[in-house]
Amino acid sequence: MTSMKKAVLLPASALLLVATAGAAQADRLGLERLDEVLNYTADYGFTHIEELSVEDDSRIEAEGWLDEEWFADIELSLDSGETLKEERERLVSGAWGMSEDDIRQAFEMARQEGMTAFEEIDISRSGIIDIEGQAENGRDIEISVRQGSFKVVEIDRD
């Protein structure tokens, strides 16, 4: 009886693994859609972005500054640009992060390294922009770029 249970569990485990791998694919967005994403964030009013992350193939989360005082964390529909979730907070630290041009330059560096889809881009206060995504060979890739000089600091290919 024990060997029969193992035979049934092994295929079920394999199916779960395949389903999980498929779900991970949905959390990436092709770099060709970057203009669309940046148009939506600009229309919303972001001046500086700290993080963009793909929630699934129809939603993206953006965190950043609307001006020198207001910080926003929003979720946008990629189908319509509609705001699905919104949180705003007044902060005294002042705006910092990536401009639209910074994001474009960082993604150009990532594209040159073979990235075709992204999951997340964020920036540290020290000016390091990290981009997680997928390379043209289907494998995961993480690229770190220094803001300003836009030189690749580190590449991690899985």
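Data block above holds the structure.
The shown structure was predicted, so the numbers you read here are calculated from the model rather than taken from an experiment.

A.B. asks: Mind showing me how you'd approach the pairing of strand E6 (residues 115-123) here?
C.D. replies: Two faces make up the sheet, and in a regular strand the side chains alternate between them. Of the pairings in the sheet, the one linking strand E1 (residues 29-30) to E6 comprises two bridges and is antiparallel in character. Paired with Leu29 across the strands is Phe118, a residue of E6. Across three bridges, the pairing between strand E2 (residues 48-56) and E6 is antiparallel. From the neighbouring strand, Leu52 faces E6, where its bridge partner is Ile121. Examined bridge by bridge, E6 and strand E7 (residues 128-135) share seven bridges and lie antiparallel to one another. Bridging from a neighbouring strand, Ile121 pairs with Ile131 of E7. Between E6 and E7, which follow one another and run antiparallel, lie four residues, and Gly127 among them has a positive phi close to 90 degrees.

A.B. asks: Is there a simple way to explain the environment of Glu50 in this structure?
C.D. replies: Residue position: Glu50 is located in strand E2. A residue is classified by how much of its surface remains accessible, and Glu50, at 15% relative accessible area, is buried. The sequence separation of Glu50 and Asp73 amounts to 23 residues, and the corresponding C-alpha distance is 9.8 Å. Setting aside residues no more than four positions away along its own chain, Glu50 makes contact with Glu63, Gly64, Trp65, Phe71, Trp96, Met98, Ile121, Asp122 and Ile123.

A.B. asks: Honestly, the nonpolar core in this entry has me stumped. Any pointers?
C.D. replies: Inside soluble globular proteins, nonpolar side chains tend to come together where they are buried. The biggest cluster of nonpolar side chains holds 39 residues, and the ones touching the most others in it are Ile103, Phe118, Ile121 and Ile131. Of all the elements in the fold, those that place two or more residues in this core are helix H2 (34-44), E2, strand E3 (59-65), strand E4 (70-77), helix H3 (100-112), E6, E7 and strand E8 (140-146). Every residue in contact with Phe118, bar those within four places of it in the chain, is listed here: Asp27, Arg28, Leu29, Leu31, Val54, Ile60, Phe107, Ile131, Glu132 and Gly133.

A.B. asks: I'm lost on a negative patch on the surface in this one. Help?
C.D. replies: Residues Asp130, Glu142, Glu154, Asp156 and Asp158 make up a contiguous surface patch of negative charge. Residue placement: Glu142 occurs in strand E8.

A.B. asks: What is the right way to look at H3 in this model?
C.D. replies: Given 3.6 residues per turn, any residue in an α-helix points the same way as the ones three and four places further on. With 13 residues, H3 extends 19 Å from end C-alpha to end C-alpha; this agrees with the ideal 18 Å at 1.5 Å per step. Contacts from the buried residues of H3 go to H2, E2, E6, E7, E8 and strand E9 (152-157). Once H3 finishes, Gly114 follows within two positions and takes phi at roughly 105 degrees, a positive value.

A.B. asks: Can you help me understand the packing of aromatic side chains in this one?
C.D. replies: The way to describe two aromatic rings as a pair is by their centre distance and the angle between their planes. All chains considered together, the criterion is met by three aromatic pairs. For the pair Trp65 and Phe71, a centre-to-centre distance of 5.4 Å together with 75 degrees between the ring planes defines the contact as edge-to-face. Judged by its relative accessible area of 1%, Trp65 is buried. Residue classification places Phe71 among the buried residues on the basis of a relative accessible area of 13%.

A.B. asks: How should the environment of Arg33 be read in this particular structure?
C.D. replies: Of note, Arg33 is situated in the loop between E1 and H2. Leaving out residues up to four positions away in the same chain, Arg33 has contacts with Asp57 and Leu78. One polar contact links Arg33 to Glu36, side chain to side chain, over a distance of 2.8 Å.

A.B. asks: Any chance you could explain H2 here in plain terms?
C.D. replies: When H2 is considered as a whole, its buried residues turn out to be Leu34, Val37, Leu38, Tyr40, Thr41 and Tyr44. Looking straight down H2, one finds that the buried residues subtend no more than 155 degrees of arc, so they occupy a single side. Buried residues belonging to H2 abut E1, E2, E3, E4, strand E5 (83-90) and H3. Immediately downstream of H2, the backbone of Gly45 shows phi near 120 degrees, a positive value.

Calculation notes
- Residues numbered from 1 in each chain as written.
- Predicted model: local features only at pLDDT ≥ 70, side-chain atom pairs only at ≥ 80, totals over all residues.
- Heavy atoms only, no water.
- Pairing = 2+ DSSP bridges.
- Helix = DSSP H or I, 4+ residues; strand = E, 2+ residues; numbered from the N terminus.
- Buried < 20%, exposed > 50% of the residue type's maximum accessible area, 1.4 Å probe, protein only.
- Contact = heavy atoms within 4.5 Å.
- Core = buried A, V, L, I, M, F, W, Y, C linked by side-chain atoms within 4.5 Å.
- Patch = residues over 30% accessible without salt bridge, like charges linked within 9 Å, V, L, I, M, F, W, Y side chains within 5 Å.
- Areas by Shrake-Rupley, 256 points an atom, 1.4 Å probe, with all protein chains shown as cover.
- Salt bridge = Lys/Arg side-chain N within 4 Å of Asp/Glu carboxyl O.
- Lys, Arg positive; Asp, Glu negative; His and termini not counted.
- Charge placed at Lys NZ, Arg CZ, Asp CG, Glu CD.
- Expected span 1.5 Å × (residues − 1).
- Phe/Tyr/Trp six-rings, centres within 6.5 Å; stacked < 30°, edge-to-face > 60°.
- Polar contact = N/O pair within 3.5 Å; in protein donor to acceptor, adjacent residues only side chain to side chain.
- Arc of directions from axis to C-beta.

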